[in-house]
Amino acid sequence: MIIIEPLSMLILLMIGYLVYTIDKKKKDIPVPVVLLIIGALIGFFPGFEGLELTKDTIFYLFLPALLFISAYQFQVKELRKHGSEIFLLSTLGILVTALLMSILIYYILQPVLPISYIEALLISTILTPTDPVSVVSILKQSSNKQALASVVEGESMINDGTSIVLFTLAAGIYFGDESFSITSFSMEFLWVSIGGAVIGIVFGWLVTKAIHFTSDSRYQIMLSVILAYGSFYIGEEIGVSGVLATVASGIMLSFEYERTIKEDHFRKQLDGFWEVIEPTILTFLFLLIGIKAVDYISFSMMGWFFFLFIITLLVRYVIIIGVVKIRKTWRSTYGWKEVFILTLSGIKGTMSVALLLGMEGKGAESIQSISFGVIMFSLIIQSLSIYPFSKILFSKRS
């Protein structure tokens, strides 16, 4: 949970307001990264020691809304167009990424911090999910490559579910209450993934029908909140992916709106509501992550964290190269420039922080410290690099 004094909450909101206001003048810098850096700085000052950020806070308070916003705003036609590469990157791509990264982490850290292979695997599963933060909007502003923005956004929505399954398996093995089995893993993965998607589709369809019972946009917006959080909680309660349930429900709502829902005021009012909620959540989330990072990161190992960060980029680059070579059309669509930007867009963020905060037990502190260090480098360096590189490689003037 978040334990925070009302005055501190007001201060955080004011900081968010100021940062977002300044951002209107210069949109090439991702606001969440600025909030993250500010949070890390104020984390050294007294007055916020009563604050606590946990996995449950991120999972059950922040994440459903952020997932729903991304899914609801994601264009269905883009999913049809790029669904194959999105699905491959967010499933098989994540599996291979975690495996390859775990091997490299294991051998790289041995000289300075001897760890077991399962610890390296646990770290790699924490670092596999991607978070687009403001990357998607920046890609759209700085380039003419809509396909890149769609793949980045679609991948980040779906790979969270895959990453949770991998993390849960690795954590179960590490803490000694589970054993690995290809068959059981495959069955669990299918149940969690397909089950979550089905819950979201069904719940989303029901809500689109319920919308017709009232023309009052206030109550229709209430239904969207119920859909965002209800699909997540129901999915988690029955043992499937709440992440994929919320994503599927948001996409279903958008699809049904375009197909059958004719009340134009509904989409306008709904957009207005969630456009207020999103920056509010991001303000609290990234300021809190920055503040808590101070407690977890070992500054004496920053060099090694940076080295591991570079490794994560290299692994992602190799995986994307492997995926795009599967089809001839992908090879012609995604050249080295596109692959480079897709690699840079694979930022570690909200989901990674949620997973590492949920760890308790033997060796958790060192794993959390390593993971948090890499996440901070990823958020700051990759986010700030997206605009200049995409502008240079894919300028709209070119």
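Residues numbered from 1 in each chain as written. Predicted model: local features only at pLDDT ≥ 70, side-chain atom pairs only at ≥ 80, totals over all residues. Heavy atoms only, no water.

Student: Provide a residue-level description of helix α8 (residues 146-174), including the pertinent values.
Tutor: A rise of 1.5 Å per residue sets the reference length of α8, with its 29 residues, at 42 Å; its end C-alpha atoms lie 41 Å apart and thus fit the reference within 8%. A bend of about 35° at N159 is the largest found in α8. Of all the 29 residues making up α8, 24 are buried; the element is thus mostly covered by neighbouring parts of the structure. One or two positions beyond α8, positive phi appears at G176, with a value near 85°. (Helix = DSSP H or I, 4+ residues; strand = E, 2+ residues; numbered from the N terminus. Expected span 1.5 Å × (residues − 1). Bend = angle between axes of the 7 residues up to and from the residue. Buried < 20%, exposed > 50% of the residue type's maximum accessible area, 1.4 Å probe, protein only.)

Student: Describe in detail the packing of helix α5 (residues 92-109) against helix α6 (residues 117-126), supporting the description with residues and values.
Tutor: With their axes 8 Å apart at the nearest point, α5 and α6 run at an angle of 130° to one another. What the angle tells us is that α5 and α6 run oblique. In this structure, the crossing between α5 and α6 has a hand that is right-handed. Mapping the contact onto sequence places A98, L99, M101, S102, I103, I105 and Y106 in α5 and Y117, A120, L121, I123, S124 and T125 in α6. (Axes fitted to C-alpha atoms, helices over the stretch in contact; angles between N-to-C directions. Parallel < 35°, antiparallel > 145°, perpendicular 65-115°, else oblique. Left-handed = near helix turned anticlockwise from the far one by under 90°. Contact = heavy atoms within 4.5 Å.)

Student: I'd like a rundown of the pattern of salt bridges, residues and numbers included.
Tutor: Using the criterion set out here, one finds two salt bridges in the structure. The salt bridge involving R316 is made with E155; its shortest N-O contact spans 3.0 Å. One end of the pair, R316, is in helix α13 (residues 302-324); the other, E155, is in helix α8, and 161 residues separate them in sequence. A relative accessible area of 3% places E155 in the buried class. Among the salt bridges present, the one from K292 reaches D295, with a minimum N-O distance of 3.0 Å. Of the two residues, K292 and D295 are both situated in helix α12 (residues 264-296); the distance of three residues between them amounts to about one turn of the helix. (Salt bridge = Lys/Arg side-chain N within 4 Å of Asp/Glu carboxyl O.)

Student: Kindly report on the environment of I118, identifying the contributing residues and their values.
Tutor: Position of I118 relative to the elements: it lies in helix α6. Separated by 16 residues in sequence, I118 and S102 place their C-alpha atoms 8.2 Å apart. Each residue touching I118, except ones within four places of it in the same chain, is listed here: A170, I173 and Y174.

Student: Break down the packing of aromatic side chains for me, citing the residues and quoting the values.
Tutor: In total, this model carries 17 aromatic pairs according to the counting rule given. Taking 6.0 Å as the distance between ring centres and 5° as the angle between the ring planes, the aromatic pair formed by F68 and Y72 counts as stacked. Remark: Y72 and F68 occur in helix α3 (residues 55-73); sequence separation between them is four residues, near one turn of the helix. Y72 sits in the buried class, given a relative accessible area of 1%. For the ring pair F306 and F309, a centre distance of 6.0 Å and an interplane angle of 45° mean the geometry is tilted. Of the two residues, F306 and F309 both sit in helix α13, three residues apart, roughly one turn of that helix. Relative accessible area serves as the criterion here: at 37%, F306 is assigned to the partly exposed category. (Phe/Tyr/Trp six-rings, centres within 6.5 Å; stacked < 30°, edge-to-face > 60°.)

Student: Give me empty space enclosed by the protein: which residues, what numbers.
Tutor: Using the criterion set out here, one finds two cavities of 30 Å³ or more in the structure. Here the largest cavity is characterised by a volume of approximately 90 Å³. Along its surface, the largest cavity is lined by L89, G93, I94, T97, T128, T130, E155, R316, I319 and K348. Looking at the lining of the largest cavity, the elements that each hand over two or more residues are α5 and α13. Taken together, the residues that form the lining of the largest cavity break down as three nonpolar, four polar and three charged. Size it by volume and the second largest cavity reaches roughly 50 Å³. Residue lining of the second largest cavity: E85, L89, V151, I320, V323, V324, W330, Y334 and L342, and that is the complete set. Counting residues per element, the ones that place at least two in the lining of the second largest cavity are α4 (76-90) and α13. The leading source of residues in the lining of the second largest cavity is α13, at three residues. (1 Å grid on protein atoms, 1.4 Å probe; cavity = no way out; pocket = protein on both sides within 12 Å on 5 of 7 lines; lining within 4 Å. Points joined across faces, edges and corners; volume = space filled by probe spheres on them. Nonpolar A, V, L, I, M, F, W, Y, C, P; charged D, E, K, R; others polar.)

Taken by themselves, the reported measurements are silent on function.
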